[in-house]
Amino acid sequence: MAAGVAAWLPFARAAAIGWMPVASAPMPPPPRDKRRGQDGLIILNVSGTRFQTWLNTLERYPDTLLGSTERDFFFHEETNEYFFDRDPDIFRHILNFYRTGKLHYPRHECISAYDEELAFFGIIPEIIGDCCYEEYKDRRRENAERIQDDEENDNNKDMVLPDMSFRETMWRAFENPHTSTMALVFYYVTGFFIAVSVMANVVETVPCGSGPNRAKEVSCGERYALAFFCLDTACVMIFTVEYLLRLIAAPSRYKFVKSVMSIIDVVAIMPYYIGLVMTDNEDVSGAFVTLRVFRVFRIFKFSRHSAGLRILGYTLKSCASELGFLLFSLTMAIIIFATVMFYAEKGSTATKFTSIPAAFWYTIVTMTTLGYGDMVPKTIIGKVFGSICSLSGVLVIALPVPVIVSNFSRIYHQSQRAEKRRAQKKTRLARIHAAKSGGANAYLQYKRNGMLAEAEEEASKQAGQALVCKSNPTFETQHHHLLHCLEKTTNHEFVDEQTYETSCMEVSLAKPSMSRSSSMSSSPHGLSSCCTRRNKRKSFNVPNSNMVAGRRGSIQELSTIQIRERPMSNSRSSLNAKFEETVPLNSEEQSYITAAVISMPTPPVTTPEGGDSSSSHNFLQSNIVRVSAL
Amino acid sequence: MSSCRKRCKREILKFAQYLFRFITGTLNADSVEDELELSAARHRPEALEQLEAQTRFSRKELQILYRGFKNECPSGVVNEDTFKEIYSQFFPQGDASTYAHFLFDAFDTDHNGSVSFEDFVMGLSILLRGTVQEKLNWAFNLYDINKDGYITKEEMLDIIKSIYDMMGKCTYPTLKEETPRQHVEIFFQKMDKNRDGVVTIDEFIDCCQNDENIMKSMQLFENVI
């Protein structure tokens, strides 16, 4: 709960008088005020810097170090103060959290030092206020990445582990060429051959002087066909060998084959093999020529050798939406202006604007301010629209381009950050919500532990089961009493989500088959078993200690649960009777359970068998209901 | 007809202004943001001695109360939204806003839309240190939503519904639609002696004083502070 709210509890309790006249049941007695007049100043000495605050301030958060009895470990008798050997500068923020309910993150502090202090004082970082949360998460992520990078660098510098298989060594050599000399040699050789292959592709189209028995010029490729063919063969052989080696060495072949680089490899060498297969066939020679175009893809193989190309490729991919929008807006503008120009120039004679698609070319050339001049408008209105077209072209093209360029890095970082923040936000909100519902669940737990029973029976049972004086702060007990009063007023009980759903389900099932009493009795037991399970979750000692019979075999069984029903002779007394005997056993776990327990829904387990012995005389009928766990 | 013409004129003027701003490039001039001024900005309560005299709290108790109050509302007054927020935090499972609204009306005795520390402490003084008669009076005032001196069935239904809303969904036994109405019927059966459909203050006080449970529960919160 927020800080100041604890101070308003007296008001909320006083306002409960408004429920009294309409209450349908008598109210429970209030809890004894155990610590009256204990609102004193408390001195916290943190490495010499003295902080002072009210005791009540610290007790607002009983699940932290300062708010619980854990601080007694730091009490210093000689000076009558609490001494902490920690950083006073960061402690200031932690103390402010108690005072204001908001935790702030100081920007100049080191993130890991801050985290350590938070962990020491038992405060979860998720409650950092919105003003500082983003900064905190960013710093944390940077820190984590830096640690990760350092680890990766360390790993890369590792010597080859002796037990790495040959395959793994090969893969490592391919991915990190600087690990061994062989890998480096291979790296440079492939690079060289890529360059040679690309140069050969370029040069073979250059005219090389006329051949001896021909009139026109021939390209070098046709003149020295054999040489070029040999060169091509050598390159393709090297590329094929490299590809096959990579394929063998890849840890996941399927993933390797799917990757972009391998596709580029395949596309680079395919034309050669297809050409080998399809020689001397005049019909498909046209297609064969087209295939040779794909040889230019060999230049993309350089991206393995250049990190810059990889980054460019990745950023283009991530900016795809901006590029797409640019294309779309250009297309729209082109269509509009082409239409306008076509109709404007329709009247003039011998015009080149024969159709709208024909006008597309003019529009593109004008909008990109190229202006070849092969198509020009002749009419005045055509010229007017032509000038508007070129002006708008400047706008349409020149504006998004710098934005895209600057968006490259910004969008890249931003999209990464936005997604992480969204994921964090979900988990963060979920945890805060869970902590909040922990407050409600704390009350349910409180009920099950028979605190209320204790208060009710106190008058009659003077021989104290010296129920351990709970270390629950006064605020908790009073708040629970308030909720109890509300229950009495409305004659309904608070239950948790799960049992509500099961009771809903049962009520719908129960009408034809079971009697009303049995359905009513099922849920409280479901509750009790629910809660005992939750109790056990947080305790450090072995669970099931509160089960007298110690039956723990079925805890592990998650598929079905048995809820044994007992007839409810009178509504509360049998429950109380059962709770009372479990309370002393619960007591040792009480100190571990706090209001901020984040209780995950766990499947209820069998009811404590210890209840059997006491209420066996009530056992007239028992129906076992099987409810399958979630 | 003339109003139409006036409207046309106004529209044309607006368009001309727009065109002018379009040409000169001042289209998106920042409109002056209205500063959201907290109207009831600061409130300082009366001196401690005066409050001590007017209420039945001791000096120390007033100090503790004020510290908590000021912490949550630094400006010195609570407006209805803050009030609802604070009260809702005590009932996480349900929706306490409707009941908080009624409470706010009950505390805000001068009906100025905000609860100052004096209102707060006066109300608490009645609730915690008042006589039974005063407490019952206060409760009647709470139920009487329009403050006309009679509690009608509709008012009672609103109040009871808001109390049940605080329980939320997950209750045992499950809340049904007619539960609040039944509750109202029971209440009216008990309280409305002359069966005229409304409960007056005298009927209310009479009936409550005869009911032992209610009397006992009125003493419940004596030692809250």
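Note that the structure is a prediction, hence the values are computed from the model and not measured.

Overview of the pairing of strand 2 (residues 49–54) of chain A
Across 6 bridges, the pairing between strand 1 (residues 41–46) of chain A and strand 2 of chain A is antiparallel. Paired with Leu-44 of chain A across the two strands is Phe-51 of chain A, which belongs to strand 2 of chain A.

With respect to the interface of chain A and chain B
It is common to give the size of an interface as the accessible area that goes away when the parts come together. Contact with chain A, which involves 56 residues of that partner, is made by 57 residues of chain B. Buried area between chain A and chain B, summed over both chains or domains, comes out near 5000 Å², and the portion from carbon and sulfur atoms is 69%. One can count 0 salt bridges joining chain A with chain B. Connecting chain A to chain B are 6 residue pairs in polar contact (both at pLDDT 80 or more). Secondary-structure elements contributing two or more residues to the side of chain A that touches chain B are helix 1 (5–15), helix 17 (400–448), helix 19 (474–490), strand 7 (493–494), helix 20 (497–513) and helix 21 (516–538) of chain A. Class assignment of the residues belonging to the side of chain A that touches chain B gives a composition of 35 nonpolar, 10 polar and 11 charged. Note: strand 7 of chain A against strand 4 (residues 171–172) of chain B, 2 bridges, orientation antiparallel. When the bridges of strand 4 of chain B are listed, Phe-494 of chain A appears paired with Thr-171 of chain B.

Quick look at the UniProt feature "domain: EF-hand" (unreviewed entry) in chain B
Residues and elements named next belong to chain B. This chain's UniProt record puts "domain: EF-hand" (unreviewed entry) on residues 95–130, 131–166 and 179–214. A distance of 29 Å separates the end C-alpha atoms of residues 95–130, which is 67% helix and 8% strand. Counted over residues 179–214, helix gives 72% and strand 8%. Its end C-alpha atoms are 21 Å apart.

Focus on unusual backbone geometry
A positive phi is found at Ala-350 of chain A, a non-glycine position, where the angle reads about 50 degrees. Examined against the element boundaries, Ala-350 of chain A turns out to sit in the loop between helix 14 (320–344) and helix 15 (356–367). The phi dihedral of Arg-195 of chain B is positive, around 55 degrees, even though this residue is not glycine. Residue placement: Arg-195 of chain B occurs in the loop between helix 9 (179–191) and strand 5 (198–200).

Digging into the nonpolar core
Ranked by internal contacts, the top residues of the largest apolar core, which has 78 residues, are Trp-19 of chain A together with Tyr-87, Phe-91, Leu-103 and Phe-204 of chain B. Residue contributions to this core peak at 8 residues, all from helix 8 (residues 153–167) of chain B. Apart from the residues lying within four places of it in its own chain, the contact partners of Phe-204 of chain B are Pro-21 of chain A together with Leu-136, Ala-139, Phe-140, Tyr-143, Phe-187, Met-191 and Val-199 of chain B. Membership of the second largest hydrophobic core comes to 28 residues, among which are Leu-44, Phe-91, Leu-95 and Phe-97 of chain A.

Let's talk about the confidence of the model for chain B
Put simply, chain B has an average pLDDT of 82, and 91% of its residues get 70 or more. Interface confidence for the predicted complex, given as ipTM, is 0.72, next to a pTM of 0.45.

Let's talk about helix 8 of chain B
Counting along an α-helix, one turn takes 3.6 residues, and residues three or four places apart therefore face a common direction. Residue and element names in this part refer to chain B. Given a rise of 1.5 Å per residue, 15 residues ought to cover 21 Å, and the 21 Å separating the end C-alpha atoms of helix 8 matches this to within 8%. Listing the buried residues of helix 8 in full gives Glu-155, Met-156, Leu-157, Ile-159, Ile-160, Ser-162, Ile-163, Tyr-164, Met-166 and Met-167. Among the residues trailing helix 8, Gly-168 stands out with phi positive, at a value near 85 degrees.

Thoughts on a positive patch on the surface
A contiguous patch of positive charge on the surface is contributed by Lys-6, Arg-7, Arg-10 and Lys-14 of chain B. Along the chain, Lys-6 of chain B turns up in helix 1 (residues 2–24).

Section: the sheet that holds strand 4 (residues 81–84) of chain A
Residue and element names in this part refer to chain A. Sheet architecture is open: 4 strands sit in the order 2-1-4-3, paired in mixed fashion. Each end of this open sheet is capped by a strand with a single partner; those strands are strand 2 and strand 3 (75–76). By the bridge criterion, 3 bridges tie strand 1 to strand 4 in an arrangement that is parallel. From the neighbouring strand, Leu-44 faces strand 4, where its bridge partner is Tyr-82. With respect to the sheet, helix 3 (residues 88–100) is in contact with strand 1 and strand 2, its orientation differing from that of strand 2 by roughly 5 degrees.

Comments concerning the environment of Met-167 of chain B
Within the secondary structure, Met-167 of chain B sits in helix 8. In this structure Met-167 of chain B comes out as buried when scored by relative accessible area, which is 0%. For the pair Met-167 of chain B and Pro-92 of chain B, spaced 75 residues apart in sequence, the C-alpha to C-alpha distance is 9.0 Å. Dropping the residues within four chain positions of it, Met-167 of chain B is found in contact with Leu-486, Glu-487, Thr-490, His-492, Glu-493 and Phe-494 of chain A together with Gln-93 and Gly-94 of chain B.

Topic: the packing of aromatic side chains
To describe a pair of aromatic rings, one takes the distance between the centres and the angle between the planes. Residues and elements named next belong to chain A. As enumerated under the stated definition, the model contains 47 aromatic pairs over all chains in all. With 5.2 Å between their ring centres and 50 degrees between their planes, Phe-91 and Phe-121 make a pair best called tilted. With Phe-91 in helix 3 and Phe-121 in the loop between helix 4 (111–120) and helix 5 (130–156), this residue pair connects regions lying 30 residues apart in the sequence. By the burial criterion, Phe-91 is buried, and Phe-121 matches it. Judged by centre distance (5.6 Å) and plane angle (75 degrees), the rings of Tyr-105 and Tyr-136 are edge-to-face. Of this pair, Tyr-105 sits in the loop between helix 3 and helix 4 while Tyr-136 sits in helix 5, and the two are 31 residues apart along the sequence. Comparing Tyr-105 with Tyr-136 shows no difference in burial state: the two are buried. One cation-aromatic arrangement involves Arg-86 over Phe-120; the distance from NZ or CZ to the ring centre is 4.0 Å.

Conventions used here
- Residues numbered from 1 in each chain as written.
- Chains lettered and ligands numbered in written order.
- Predicted model: local features only at pLDDT ≥ 70, side-chain atom pairs only at ≥ 80, totals over all residues.
- Heavy atoms only, no water.
- Pairing = 2+ DSSP bridges.
- Helix = DSSP H or I, 4+ residues; strand = E, 2+ residues; numbered from the N terminus.
- Contact = heavy atoms within 4.5 Å.
- Buried area = accessible area lost by both parts, 1.4 Å probe.
- Salt bridge = Lys/Arg side-chain N within 4 Å of Asp/Glu carboxyl O.
- Polar contact = N/O pair within 3.5 Å; in protein donor to acceptor, adjacent residues only side chain to side chain.
- Nonpolar A, V, L, I, M, F, W, Y, C, P; charged D, E, K, R; others polar.
- UniProt positions renumbered as here; feature names shortened; annotations may be inferred.
- Core = buried A, V, L, I, M, F, W, Y, C linked by side-chain atoms within 4.5 Å.
- Buried < 20%, exposed > 50% of the residue type's maximum accessible area, 1.4 Å probe, protein only.
- pLDDT = per-residue confidence, 0-100.
- Expected span 1.5 Å × (residues − 1).
- Patch = residues over 30% accessible without salt bridge, like charges linked within 9 Å, V, L, I, M, F, W, Y side chains within 5 Å.
- Areas by Shrake-Rupley, 256 points an atom, 1.4 Å probe, with all protein chains shown as cover.
- Lys, Arg positive; Asp, Glu negative; His and termini not counted.
- Charge placed at Lys NZ, Arg CZ, Asp CG, Glu CD.
- Axes fitted to C-alpha atoms, helices over the stretch in contact; angles between N-to-C directions.
- Phe/Tyr/Trp six-rings, centres within 6.5 Å; stacked < 30°, edge-to-face > 60°.
- Lys NZ or Arg CZ within 6 Å of the ring centre and 35° of its normal.

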